[in-house]
Amino acid sequence: MAVRTVLELPDPTLKRQSQTVGRVDDSARAVADDLLDTMRATVACVGLAAPQIGVGIRAFVVDVTGHRKASSCHGELVLFDPEVVAASGPVVAREGCLSVPHLTGDVARASSLVVRGLTLDGTDRVVEVDAFEARAVLHEIDHLDGLLFLDRVSSPEALFRRKVYR
Amino acid sequence: MSHVVVTAVGTDRPGIVAGVTRVFVDMGCNLEDSSMTILGGQFAMMLVVDAPEGVDAAALEAALAGPAADLDLLVAVRPAEAAGADNPPLDDTAPLDDTASWTVSVYGADHPGIVHGIAEPLSAERINICDLGTRVIGDPARPVYAMVMGVSLPRGADPDALAVRLGEVAARLGVDVSLHNSDADIL
């Protein structure tokens with residue numbers, strides 16, 4: 001268990017496709033623990049994906065507890081091999097990323113999702129998320145496919161310098 | 001390395017970006033910030049380039065004369081002022097951790113004075129405009145003016161009070177105005 005360094009652009013790890021976990025073993029759980037530790041230790045961090053700490057496996061953590069834009073909230077949500085089963089209601093909002101520290105962008109993402117994945121104890125879990133939690137989950141799943149919000153920004157006018165350093 | 005500001009404007013056509021940036025590549029310049037768009041059929045480029053030792057604004061201007069003539073562009077080049085004590089960095093390249101990003105939307109029947117009317121009270125409150133775009137839309141007989149500006153509010157500024165102030169100004173101008181927060185969520 002450790003707080004890890006969050007990789008930043010242009011680290012090539014961020015652009016790689018992550019590998020399926022298949023079975024949640026101790027090494028996969030150790031990665032999730034590090035993701036949780038790093039998320040908890042980082043101010044205003046609501047989610048982190050394994051590639052951001054340099055591990056190419058399909059795992060992410062999200063926690064939108066207390067966020068003003070959150071509606072659904074599952075506390076600390078840890079999923080391996082996540083899969084979007086259903087998605088609807090695209091909404092545009094401005095987001096940034098710890099791995100892209102100097103920019104933000106307006107990105108359209110589904111506001112209602114059904115996501116399926118494996119939990120820390122290896123069982124299959126299906127969760128319904130919406131609003132800000134849905135945005136966070138989709139942002140993290142994108143990391144597992146080597147996609148950053150920069151790949152989803154709708155136009156040059158939708159990219160901004162990050163003005164507020166939290 | 002020194003920063004040089006370049007602006008180029010001309011009737012829009014394919015090849016302007018390629019023609020102008022070829023000069024930067026040939027001169028060993030690195031393109032830093034840029035904004036380019038079409039305004040009423042005119043392609044407008046604004047760029048800040050990092051010029052290597054020995055390449056100054058005059059040299060760059062001379063090198064741009066070729067594509068400027070070929071593409072019928074009006075080109076202006078000048079050294080970028082460095083931020084200093086007399087010239088504090090108000091632009092968004094500085095890490096302004098004391099500011100919050102807000103968006104001001106203004107729209108209504110088109111008439112002269114809308115931009116100035118809204119910009120003036122912002123200036124009086126020392127609120128910096130970071131981005132601004134305007135469009136004239138709708139039926140030419142009854143044109144509608146739409147403006148969206150990104151502003152950074154200094155610490156201590158009260159967005160509610162600003163919204164009231166802008167509402168008063170907008171009423172006088174006969175337009176609608178809204179103010180909304182556009183700070184990003186860091187995921």
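Residues numbered from 1 in each chain as written. Chains lettered and ligands numbered in written order. Predicted model: local features only at pLDDT ≥ 70, side-chain atom pairs only at ≥ 80, totals over all residues.

**Re helix H1 (residues 16-26) of chain B**
All names here are of chain B.
Move 1: Listing the buried residues of H1 in full gives Ile16, Val20, Val23 and Phe24. Across the axial projection of H1, the buried residues extend over an arc of 100°, all falling on one side. Counted as exposed and oriented over 90 degrees from the buried face of H1: Ala18, Val25 and Asp26.
Move 2: The inward-facing, buried residues of H1 contact strand S1 (2-11), strand S2 (30-39), strand S3 (42-51) and helix H2 (57-71).
Move 3: Two residues or fewer after H1 comes Gly28, characterised by a positive phi angle close to 75°. (Buried ≥ 20, exposed ≤ 12 C-beta atoms within 10 Å, placed from the backbone. Helix = DSSP H or I, 4+ residues; strand = E, 2+ residues; numbered from the N terminus. Arc of directions from axis to C-beta. Contact = placed C-beta atoms within 7 Å.)

**Some remarks on the sheet that holds strand S7 (residues 144-153) of chain B**
All names here are of chain B.
Move 1: Spatially, the four strands line up as an open sheet ordered S6-S7-S5-S8, and their pairing is antiparallel. The sheet is open, and its two borders are formed by strand S6 (128-137) and strand S8 (175-181), each paired with just one other strand. Mean inter-strand twist for the sheet, computed between neighbouring axes without regard to direction, equals 15°.
Move 2: As judged from the nine bridges shared by S6 and S7, these two strands associate in the antiparallel manner. Looking across to S7, one finds that Asn128 is bridged to Ser152.
Move 3: Across the sheet, helix H3 (residues 114-124) lies against strand S5 (100-109), S6, S7 and S8, angled at about 15° from S7, the strand it touches most.
Move 4: Here helix H4 (residues 159-173) sits on the sheet and contacts S5, S7 and S8; the angle it forms with S8, its principal contact strand, is near 165°. (Pairing = 2+ DSSP bridges. Axes fitted to C-alpha atoms, helices over the stretch in contact; angles between N-to-C directions.)

**A closer look at the sheet that holds strand S4 (residues 74-79) of chain B**
Residues and elements named next belong to chain B.
Move 1: Taking strand neighbours across the sheet as the criterion, the four strands line up as S2-S3-S1-S4 in an open arrangement whose pairing is antiparallel. Two strands lie at the open edges of the sheet, namely S2 and S4, each paired on one side alone. The sheet shows a mean angle of 10° between the axes of neighbouring strands, taken without regard to direction.
Move 2: Summarising the sheet, S1 and S4 pair through six bridges and their orientation is antiparallel. If you follow Val5 over to S4, its bridge partner there is Arg78.

**Quick notes on the domain arrangement of chain B**
Move 1: Domain assignment breaks chain B into domain 1 (2-79) and domain 2 (100-181).
Move 2: Here domain 1 of chain B and domain 2 of chain B have C-alpha centroids that lie 31 Å from each other. (Domains from an automatic or database assignment.)

**Examining the pairing of S1(B)**
Move 1: In the sheet, S1(B) pairs with S3(B) via ten bridges, with the strands oriented antiparallel. Bridging across to S3(B), His3(B) finds its partner in Asp50(B).

**Overview of the packing of H1(B) against H2(B)**
Residues and elements named next belong to chain B.
Move 1: At a minimum axis separation of 8 Å, H1 and H2 run at an interaxial angle of 165°. What the angle tells us is that H1 and H2 run roughly antiparallel. The two elements H1 and H2 cross, and the hand of that crossing is right-handed. Facing Ile16, Gly19, Val20 and Val23 of H1, the residues of H2 in contact are Ala63, Leu64, Pro67, Asp70 and Leu71.
Move 2: Across the contact of H1 with H2, the residue classes break down as seven nonpolar, one polar and one charged. (Parallel < 35°, antiparallel > 145°, perpendicular 65-115°, else oblique. Left-handed = near helix turned anticlockwise from the far one by under 90°. Nonpolar A, V, L, I, M, F, W, Y, C, P; charged D, E, K, R; others polar.)

**Overview of the packing of H3(B) against H4(B)**
All names here are of chain B.
Move 1: Between H3 and H4, the shortest axis-to-axis distance is 10 Å and the interhelical angle comes to 155°. Accordingly, the angle class assigned to the pair H3 and H4 is roughly antiparallel. As for how H3 packs across H4, the hand of that crossing is right-handed. Contacts between H3 and H4 involve Ile114, Gly117, Ile118 and Pro121 from the former and Arg165, Leu166, Val169 and Leu173 from the latter.
Move 2: In terms of residue class, the contact of H3 with H4 is made up of six nonpolar, one polar and one charged.

**Thoughts on unusual backbone geometry**
Move 1: Cis rather than trans, the peptide bond between Leu9(A) and Pro10(A) has omega equal to 5°.
Move 2: In this structure, Pro10(A) sits in the segment before helix H1 (26-41).
Move 3: Within the chain, Ala44(A) stands out as a residue other than glycine whose phi angle is a positive 65°.
Move 4: In this fold, Ala44(A) is placed in the loop between H1 and strand S1 (47-49).
Move 5: Even without being glycine, Asp72(B) reaches a positive phi, approximately 55°.
Move 6: Topologically, Asp72(B) is positioned in the loop between H2 and S4.

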